[in-house]
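Below, each chain spelled out in residue letters.
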Amino acid sequence: MITEGDYTTVHSLLAYMMARARRRRKCLKLYSEDAVYSEDDLLSRLPDDILLLILDRLPMKDALGTSMLSRSWRFLWKSMHKVDFTYRWVEETGNEVIPSVSQFFRRCRLPKIYCFRLSFRYNSCMLHRVNSWISLALKNGVEELDLNFNDLEDRRKKAMWRHPYYHFPEPLYSSSSVVKLGLAFLKLDLPARLHLKNLRELSLDRVVLPDDAIEKIATDCEKLELLSLTNCNMRGNLKITIQPRTVPIKVSILDGFMMVEPKTNLVIDCPTLGGLEFRGGMTRSNFLIKNVPAGVEARFNFDEMLYRRRVVLVTGAGLYGAQYDKNLQSLLNIFQSARHFHFCSWCIQILSVKKMMKQEMVTLGSTSLVLDTGLLKWELPGIACLLTACPNLENLAVIMVRQAMFNIRETFTRKYDFEEGRFWEIMSQETLPCWQKLRVLKFKNEYGDYQTWDEGMFCVRRFFTGYENSMGLLKFVHSKAANLERVIFRTNTKSITYLPSDLAIYL
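Residues numbered from 1 in each chain as written. Predicted model: local features only at pLDDT ≥ 70, side-chain atom pairs only at ≥ 80, totals over all residues. Heavy atoms only, no water.

Enquirer: I would appreciate a short explanation of the overall build of the protein chain in the present structure.
Expert: When helices and strands are tallied, the protein chain shows 17 helices and 21 strands. Counting every position in the protein chain, which comprises 507 residues, the buried fraction comes to 52%. Taking contacts inside the protein chain between residues at least 6 apart in sequence as the whole, the part at least 24 apart equals 71%. Carbon and sulfur atoms provide 50% of the accessible area of the protein chain, an area that totals close to 24,300 Å². (Helix = DSSP H or I, 4+ residues; strand = E, 2+ residues; numbered from the N terminus. Buried < 20%, exposed > 50% of the residue type's maximum accessible area, 1.4 Å probe, protein only. Contact = heavy atoms within 4.5 Å. Areas by Shrake-Rupley, 256 points an atom, 1.4 Å probe, with all protein chains shown as cover.)

Enquirer: How do you make sense of the side chain of Lys-82 when you look at a structure like this?
Expert: Looking at the secondary structure, you find Lys-82 in strand 1 (residues 82-85). Every residue in contact with Lys-82, bar those within four places of it in the chain, is listed here: Leu-55, Asp-56, Arg-57, Leu-58, Pro-59, Met-60, Cys-115 and Arg-117.

Enquirer: Can you help me understand the sheet that holds strand 9 (residues 265-269) in this one?
Expert: To summarise the sheet geometry, strands pair through backbone hydrogen bonds and adopt either a parallel or an antiparallel arrangement. Strand order in the open sheet made by the three strands is 7-9-11, with parallel pairing throughout. The open sheet has two edge strands, strand 7 (238-241) and strand 11 (286-290), and neither has a second partner. Between one strand axis and the next, the sheet turns by 5 degrees as a mean value, whatever way the strands run. (Pairing = 2+ DSSP bridges. Axes fitted to C-alpha atoms, helices over the stretch in contact; angles between N-to-C directions.)

Enquirer: How should I be thinking about the pattern of salt bridges in this particular structure?
Expert: Pairing of side chains with opposite charge becomes possible as their charged atoms draw close. In this structure the tally under the stated criterion is 20 salt bridges. We note a salt bridge from Glu-277 to Arg-299, for which the minimum N-O separation is 3.6 Å. Of this pair, Glu-277 sits in strand 10 (residues 273-280) while Arg-299 is found in strand 12 (residues 297-301), placing the two residues 22 residues apart along the sequence. Ionic contacts of the salt-bridge type, sharing partners, join the residues Glu-277, Arg-279, Arg-299 and Asp-372 into one network. (Salt bridge = Lys/Arg side-chain N within 4 Å of Asp/Glu carboxyl O.)

Enquirer: Just checking my understanding: could you explain the pairing of strand 4 (residues 180-187) for this structure?
Expert: Every regular strand shows the same layout, with side chains that alternate between the two sheet faces. Taking burial as the measure, the eight residues of strand 4 include six buried ones, the bulk of the element. Two strands pair when backbone bridges link them, and strand 3 (residues 144-148) and strand 4 are joined in this way by five bridges, in the parallel orientation. By the bridge assignment for strand 4, Glu-144 is matched with Lys-180. With seven bridges connecting them, strand 4 and strand 5 (residues 201-208) associate as parallel partners. When the bridges of strand 5 are listed, Lys-180 appears paired with Glu-201.

Enquirer: How should I be thinking about the packing of helix 12 (residues 345-356) against helix 13 (residues 380-389) in this particular structure?
Expert: Two numbers describe how helix 12 lies on helix 13: the axes approach to 7 Å, and their chain directions differ by 85 degrees. Overall, the two elements helix 12 and helix 13 adopt an arrangement that is roughly perpendicular. Of the residues in helix 13, those in contact with Ile-348, Leu-351, Ser-352, Lys-355 and Met-356 of helix 12 are Leu-380, Pro-381, Gly-382, Ile-383, Ala-384, Cys-385 and Leu-386. Its residues assigned to classes, the contact of helix 12 with helix 13 comprises nine nonpolar, two polar and one charged. (Parallel < 35°, antiparallel > 145°, perpendicular 65-115°, else oblique. Nonpolar A, V, L, I, M, F, W, Y, C, P; charged D, E, K, R; others polar.)

Enquirer: Before we go on, may I ask you to explain the state of the cysteines in this structure?
Expert: With the rule as written, the count across this model stands at zero disulfides. Counting only cysteine sulfurs, Cys-385 is the nearest neighbor of Cys-390, a cysteine outside any disulfide, at a range of 9.4 Å. Looking at Cys-390, the relative accessible area reads 0%, which means it is buried. (Disulfide = S-S within 2.5 Å.)

Enquirer: Help me understand the packing of aromatic side chains, please; the structure alone is not making it clear to me.
Expert: Geometry of an aromatic ring pair is reported as the spacing of the ring centres plus the angle between the planes. Taken as a whole and assessed by the stated rule, the structure comprises 41 aromatic pairs. Centre to centre, the rings of Phe-423 and Trp-424 are 5.0 Å apart; their planes meet at 80 degrees, and the pair counts as edge-to-face. Residue Phe-423 is classed as buried on the basis of its relative accessible area, which comes to 7%. You can call Trp-424 buried: its relative accessible area is 5%. Pairing Tyr-450 with Phe-458 gives two aromatic rings, centres 6.0 Å apart and planes at 40 degrees, and the pair type is tilted. Over the ring of Phe-418 we find Lys-377, and its NZ or CZ is 5.2 Å from the ring centre. (Phe/Tyr/Trp six-rings, centres within 6.5 Å; stacked < 30°, edge-to-face > 60°. Lys NZ or Arg CZ within 6 Å of the ring centre and 35° of its normal.)

Enquirer: Honestly, the environment of Lys-61 in this entry has me stumped. Any pointers?
Expert: The residue Lys-61 is located in helix 4 (residues 60-65) in this model. Between the C-alpha atoms of Lys-61 and Arg-88, which are 27 residues apart in sequence, the distance is 8.9 Å. Here Lys-61 is in contact with Trp-89, Glu-92 and Thr-93, once residues within four sequence places are set aside.

Here is the structure:
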């Protein structure tokens, strides 16, 4: 079994070998084939199947560049299982995508294609050429197909926002090999029936969809598990209707705050929804969601709103931008019975304002709660609000991240100010329900300087460096969770687990 670390090591070794081969070519004005291609390396002696696995993990430019290493590598690229001509190819080589793809397909053998990724600016004169590439990939059993019909990332050209109609070849709609399908920048025109019987993941980015498109896709693709929609129907309503089905489906929606027209609606009707994630901005005017099953997973990640400083303003009178508060409260009511909830800092800050103004908060039935927070002063009331709202909590995770704050006016802070250092101490004195079911408390520090430690030398206080309110939160939860079984401290590189009794020296 080859791990990610092994692939990283091999990639570094190949980069060194290719650099050495290029130096030899420059030094030798006249050279024989033997002078350039060398067989005295252990990597080249590996079986071709292993070498192909390595090639498929490399960027396209590096994979093709391995042909100069040795005889065993010279023609190996022709049997690659991955075809990846995206903006990275243009940036690294300076070659255009369309002629590069044509040349590659003329020379390669293509016994099997697992992955085919393509990004280019489409126009109608390319129809037959693109259709032939897609048909060839499907004929060779492609499993992951990703097609982007615009090139906004190509800074050499003027950005174009048009969404062309593109009629896919018929074999795509009846493919039994495609497992992951990604489409970007087009107007989707579906046939009467789809037969993508093994499709499990569908990603649509800035695609214009008819009202019945999602319903048709979900009905005909019975194994579909994940639907990702990024800035789809930017100028109109987005409708997601999914009839009851055997396989629950998870839906991820990203609406960029400056991308999607605000006077539009999001309509969701999915009785077999497995999970719903909101990302980006809370852009649309109304969230019309019904038939949400109990026990669903919900993630609210609206942190893009934090970097639009004029979107939400907090004054002594409350929130300026009340429609966002209204929509968030509506979503909490809809997902009141969600089994798993993941909240971003923006949501936590909205709830902080509501708590300080003593506004009513809905009770949540969640057993698992994840909080992305910088543990800043005006996030603390929102965290307390969520903890109080989840009496059945079994797992609590606090992901410590770097976050911005609302634009909070002095009129609000003067009226609702509190002593930051004693906040959790004061909260522990209030009559609050204890979490009898809470078993696991996890802290993850993604950005702190204390990312690793020697065996037996872990220090909780150093782990919380930069997050001064963390120790107070730890003490608060520790005092309220009578049946807590373990506390986990995790960084990006290491993890350690403590029994609650072992933390006594810190508390």
